[in-house]
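Take a look at the letters that make up each chain.
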Amino acid sequence: MCRQVDTPSGVTVSTPPLVSVVLGPPTVLVARLLPGQLVGDLRRASYRLAGHLGAVALRIEPRGLTYARIELLAADPLDAVLPLDLTPARGGVLLGRDEAGCEVRVEPVELPHLVVQGQTRSGKSAFLYALIAQLASDDDVTVAGVDPSGLTLRPFAGTRHGEHQTCGLADLDRIEKVLAGLVAEMDHRLTVMPADRDIMATGPGVPLIVVVLDEYPATLRALDAADTKQGKRVRALVARLLAESHKVGFRVVIAAQRAEAAIVGAAERAQAAGRLSFRVDSPDTVKLLHSDADDLAGAHTTAPPGIALLTWPGRPLSRIRAPWIGSYAAFVSAVERGA
Ligand SMILES: Nc1ncnc2c1ncn2[C@@H]1O[C@H](COP(=O)(O)OP(=O)(O)OP(=O)(O)O)[C@@H](O)[C@H]1O
């Protein structure tokens, strides 16, 4: 957080001066930002600064335009479980709670394409359950997708969403058929989009279509093993959805244990502005989705279940606690109620 400053007598160092120190607890510092420095700059460095200040984490808030309030936290603010409240009118989809204790919410239509990665038992499925349960209760959203294990999309059987989904790997042709149907709907929307618009409004009659590709590598492996040409065709359909569908009301959610380049190539990653990593096997895997995670990548390989790194449009890279819907049965009944 220091600046090197050239003075007539040589190079010196300038640091954000502390204008107030309250020993607390909690200990709170107020620092005056250096010219051109932003609160986000402090937040980005907070993971390195916390240990040196004897804290587990720092909560940094702006004070006016030029000051930052820095609270030294003795416990990780993400330790507590975040129960998912599915009562209507809560104002957008809850993605989690950040380290400042604030809920991260987004309207369904504001969702970008997403890539979610995480090892077994890291909380990736729990996050998908929470996301899908919230979307399923919205009449203007259709949940589509491919689910090799069947657990994630099985609760939609017999609902209006089911025709746009396929569960299991027994019928590989159906995977291609479902994705081809979604691409056909995308093409139709692109064709009928009014000439004076570059974004199609979603709502009654034109639902936002969220395409969930759970355990995407498992789907591709099964397709490649059966018929490499079919694997290529499915990859091409997904690539088209990622590249062309956002403006006509589609969102793609790709979930994988590891978003490796062979599965989620650079072009696909570039289309997915939303990226979540639950615990993964190595710092290099973290960096597949968060190239700027230098300070956080190492520690994240031992993150507890439900803690994710979040890269999101308009937000600095941050850690969040994902919402917890409860047991699988709670997820099933939430989908059945909502869908
Ligand atoms: N957001 C959360 N809050 C609290 N606990 C969580 C959260 N997410 C996950 N857990 C705990 O971690 C366990 C594993 O989570 P989950 O089943 O989602 O992992 P996963 O990464 O999807 O693994 P798998 O590949 O085995 O399905 C859950 O049973 C739960 O105990």
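Scroll up to find the structure.
The paragraphs below set out a description of the structure included in this document. Since the model is a prediction, treat every value here as computed from it, not as a measurement.

1. Section: the site of the ligand
Here is step 1 of the chain: Around the ligand, the structure places 15 residues, and the nearest of them are Arg-121, Ser-122, Ser-125, Ala-126 and Ala-322.
Here is step 2 of the chain: For the ligand, an oxygen atom lies 3.1 Å from a polar atom in the backbone of Lys-124.
Here is step 3 of the chain: Contact distances for the ligand include 2.7 Å between an oxygen atom and a backbone N or O atom of Ala-126.
Here is step 4 of the chain: Contact with the protein chains hides 76% of the accessible area of the ligand, taken as 630 Å² for the molecule alone.
Here is step 5 of the chain: A majority-of-atoms criterion places the ligand in the second largest pocket.
Here is step 6 of the chain: Looking at the shell around the ligand, the elements with two or more residues in it are α2 (124–136) and β18 (323–324).
Here is step 7 of the chain: Tallying contributions element by element places α2 first for the shell around the ligand, with 3 residues.
Here is step 8 of the chain: Tallied by class, residues from the shell around the ligand come to 6 nonpolar, 6 polar and 3 charged.

2. What about the sheet that holds strand β10 (residues 114–117)?
Here is step 1 of the chain: Strand order in the open sheet formed by 10 strands is β9-β8-β17-β16-β15-β10-β14-β13-β11-β12, and the pairing between neighbours is mixed. Of all strands in the sheet, those bounded by a partner on one side alone are β9 (103–106) and β12 (165–167). If you compare each strand with its neighbour and ignore which way they point, the axes differ by 25° on average.
Here is step 2 of the chain: Inspection of the sheet shows strand β11 (residues 141–147) paired to β12 by 3 bridges, in the parallel sense. Each residue of the ladder has a partner; that of Asp-147, found in β12, is Cys-167.
Here is step 3 of the chain: Contacts from helix α4 (residues 216–226) reach β11, β13 (208–213) and β14 (250–256) within the one sheet, and its direction differs from that of β14 by about 85°.

3. Description of the nonpolar core
Here is step 1 of the chain: Residues Phe-127, Ile-132, Leu-135, Val-143 and Leu-276 are the most contacted members of the largest nonpolar core, which totals 39 residues.
Here is step 2 of the chain: Among the elements that make up this core, the one with the highest residue count is α2 (9 residues).
Here is step 3 of the chain: Among all residues touching Leu-135, those that are not within four sequence positions of it are Val-93, Pro-108, Leu-111, Val-141, Val-143 and Val-210.
Here is step 4 of the chain: Of all hydrophobic cores here, the second largest spans 32 residues; its members include Ala-144, Met-200, Tyr-216 and Ala-259.

4. Observations regarding the pairing of strand β17 (residues 315–321)
Here is step 1 of the chain: Buried residues dominate β17, accounting for 5 of its 7 residues.
Here is step 2 of the chain: Summarising the sheet, strand β8 (residues 93–98) and β17 pair through 2 bridges and their orientation is antiparallel. Note on β17: the bridge partner recorded for Asp-98 is Ile-320.
Here is step 3 of the chain: By the bridge criterion, 5 bridges tie strand β16 (residues 307–312) to β17 in an arrangement that is antiparallel. Along β17, the bridge assignment pairs Trp-312 with Arg-315.
Here is step 4 of the chain: Counting the residues between successive antiparallel strands, the hairpin from β16 to β17 contains 2 residues, one of them, Gly-314, with a positive phi of roughly 80°.

What counts as what
- Residues numbered from 1 in each chain as written.
- Predicted model: local features only at pLDDT ≥ 70, side-chain atom pairs only at ≥ 80, totals over all residues.
- Heavy atoms only, no water.
- Near = heavy atom within 4 Å.
- Polar contact = N/O pair within 3.5 Å; in protein donor to acceptor, adjacent residues only side chain to side chain.
- Areas by Shrake-Rupley, 256 points an atom, 1.4 Å probe, with all protein chains shown as cover.
- 1 Å grid on protein atoms, 1.4 Å probe; cavity = no way out; pocket = protein on both sides within 12 Å on 5 of 7 lines; lining within 4 Å.
- Sits in = over half its atoms within 2 Å of the grid points.
- Helix = DSSP H or I, 4+ residues; strand = E, 2+ residues; numbered from the N terminus.
- Nonpolar A, V, L, I, M, F, W, Y, C, P; charged D, E, K, R; others polar.
- Pairing = 2+ DSSP bridges.
- Axes fitted to C-alpha atoms, helices over the stretch in contact; angles between N-to-C directions.
- Contact = heavy atoms within 4.5 Å.
- Core = buried A, V, L, I, M, F, W, Y, C linked by side-chain atoms within 4.5 Å.
- Buried < 20%, exposed > 50% of the residue type's maximum accessible area, 1.4 Å probe, protein only.

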